Amino acid sequence: MSRTLFGTDGVRGRANTYPMTAEMALKLGAAAGRYFRQDGKNGHRVVIGKDTRLSGYMFETALTAGLTSTGMNVLLLGPVPTPAVGYLTSSMRADVGIMISASHNPHHDNGIKFFGPDGFKLSDEAETEIEAMVRDGVELTTSDNIGRARRIDDGRFRYVERAKASFPDHLRLTGLKVVIDCANGAAYRTAPEVLWELGAELIQIGVSPNGLNINKECGSTHVATAAAAVVEHGADVGICLDGDADRVMILDEKGNVADGDQIMALMAARWAEQGRLKGGALVATVMSNLGLERFLEGRDLTLERTPVGDRYVVERMRAGGWNLGGEQSGHIVMTDYATTGDGLVAALQFLAAMAETGQPASTLCRSFETVPQLLKNVRYQTGATPLDTDGVKASISAAEARLLGNGRLLIRKSGTEPLIRVMAESEDAVLLEQVVDSVVEAVEAAI
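This is a predicted model, so every value here is computed, not measured.

Draft legend 1. View of the side chain of Asn289. Inspection of the secondary structure puts Asn289 in the loop between strand E12 (281–285) and helix H9 (290–297). On the basis of relative accessibility, which here comes to 3%, the residue Asn289 falls in the buried class. Within the structure, Asn289 has its side chain in polar contact with the backbone oxygen of Val371 (distance 2.8 Å). Once residues within four sequence positions are removed from consideration, Asn289 is found in contact with Asp261, Arg305, Gln328, Phe368, Thr370, Val371, Gln373 and Glu425.

Draft legend 2. The arrangement of the pattern of salt bridges in detail. Counting across every chain of the model gives 27 salt bridges. Between Glu60 and Arg151 there is a salt bridge whose closest N-O contact spans 3.1 Å. Here the residue Glu60 occupies a position in helix H2 (residues 56–69), and Arg151 occupies one in strand E6 (residues 149–151), the gap between them amounting to 91 residues. Overall, the relative accessible area of 3% leaves Glu60 in the buried class. Among the residues examined, Arg151 registers a relative accessible area of 45% and is labelled partly exposed. Here Glu433 ties to Lys376 by a salt bridge, and the two come within 3.3 Å at their closest N and O atoms. In this pair, Glu433 is assigned in helix H14 (residues 429–446) and Lys376 in strand E16 (residues 373–379), connecting sequence segments 57 residues apart. Take Glu433: its relative accessible area is 36%, and that puts it in the partly exposed class. Bridged by salt links that share partners, the residues Asp9, Arg12, Lys113, Lys121, Asp244, Asp246 and Asp310 form one connected network.

Draft legend 3. Structural context of the packing of helix H8 (residues 260–273) against H9. Packing of H8 against H9 brings their axes to within 10 Å, and their N-to-C directions diverge by 10°. As judged from the angle between their axes, H8 and H9 are roughly parallel. The segment H8 lies against H9, with Asp261, Met264, Ala265, Ala268 and Ala269 engaging Leu292, Phe295 and Leu296. In terms of residue class, the contact of H8 with H9 is made up of 7 nonpolar, no polar and 1 charged.

Draft legend 4. Looking closely at the pairing of strand E7 (residues 177–181). Summarising burial for E7: 4 of the 5 residues are buried, a large majority. As judged from the 5 bridges shared by E7 and strand E8 (residues 201–205), these two strands associate in the parallel manner. Within E8, the residue paired with Ile180 across the bridge is Gln204. Following the backbone out of E7, through helix H6 (residues 190–197) and into the adjacent parallel E8, one traces a crossover that is right-handed. As judged from the 4 bridges shared by E7 and strand E9 (residues 237–241), these two strands associate in the parallel manner. Bridging across to E9, Val179 finds its partner in Gly238.

Draft legend 5. Seen up close, a nonpolar patch on the surface. The grouping of Leu54, Tyr57 and Leu212 at the surface amounts to a nonpolar patch, some 330 Å² of accessible area in total. Relative to the elements of secondary structure, Leu54 occurs in the loop between strand E2 (45–50) and H2.

Rules and cut-offs
- Residues numbered from 1 in each chain as written.
- Predicted model: local features only at pLDDT ≥ 70, side-chain atom pairs only at ≥ 80, totals over all residues.
- Heavy atoms only, no water.
- Helix = DSSP H or I, 4+ residues; strand = E, 2+ residues; numbered from the N terminus.
- Buried < 20%, exposed > 50% of the residue type's maximum accessible area, 1.4 Å probe, protein only.
- Polar contact = N/O pair within 3.5 Å; in protein donor to acceptor, adjacent residues only side chain to side chain.
- Contact = heavy atoms within 4.5 Å.
- Salt bridge = Lys/Arg side-chain N within 4 Å of Asp/Glu carboxyl O.
- Axes fitted to C-alpha atoms, helices over the stretch in contact; angles between N-to-C directions.
- Parallel < 35°, antiparallel > 145°, perpendicular 65-115°, else oblique.
- Nonpolar A, V, L, I, M, F, W, Y, C, P; charged D, E, K, R; others polar.
- Pairing = 2+ DSSP bridges.
- Right-handed = clockwise from strand over helix to strand, strands pointing away.
- Patch = residues over 30% accessible without salt bridge, like charges linked within 9 Å, V, L, I, M, F, W, Y side chains within 5 Å.
- Areas by Shrake-Rupley, 256 points an atom, 1.4 Å probe, with all protein chains shown as cover.

Have a look at this one:
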């Protein structure tokens, strides 16, 4: 059965526009409630977290109504990072966790993603069943079995302690000046609390959410604000989270950025030296730089590639028994500590490396030289299939032939936005530009 509602990371779109409407959230809540309460017994529970978007109130209320209508008891966490929902779903013995967030997207977007009782994101199969229930409708519970809802006031503090526990007990951040940019998002309180409690001197950015400024000129997708602050304040390092704090970018003392590939390279090398890297492998997506692959090969480590999406990274990690993976975009998954990407915990691993080695961030941020990579996006109308046209197929074949032995080409649809992503890698800068532009022009012509 095909899926049209769920993408690579739950259901996502513009708030108050299909599928991100209150009506759909109500249906999703009822369907999820019925799916996780198939035995018909009372006592089942769900935890719901959200980021700081204005529309989060609407979706929180609608989901709660749908869930309680099928007999589920709802525990409302308020604004917390996505990894906190994964953790608390398992910790609080809930049947399902829900995070209301569109991650790094602007405030006018929102999304709904589900976690199973083990704290990991739901499988494609589970989401397909829930989507079928949304389409077909569900049977509501009897009036005397309607679920209850309650606020959980200490969820944030539980996550703070969990994040701190990932940092080595013998280390402190005393003497480190850290710029922390929380993107006016879900970690606007938790991240500064953790860093301050570990001893860091903080310069805080993006910690004043108003419902409309999440990810606006701040956070992991707009590092310029934090980079300027690092230089201005003479900070040792900068940490840029996104709206739901499941991804991170690191800035060195000069304001230069290290993406997820560089962070993973550092962690993989250190963990391998310490005997902590299970299976001698790192799991990353097809978007990760060729330079990362070469770096790992030089250390007799393996790079396992997956489709784009941190859920696919986690699925491969669990299947192979590996404990480190992530995405170039800054999702870093460490199953020793979390069930999903955790930007703050990944940042703490980087800070631990600084504290243990005494090396500056500029040294630790550059584990390998990247192969030049060019990515261009082409927006299309929802429902269109430009990649299926003969002209685009011919253009892709020609581009691959030109890159043969001198790079690679990746064309894909975004799982969260109506975009065609055209990416290529090559050490020949002229060739790189030419092949990407040729495919982009063909896609634009088809559209």
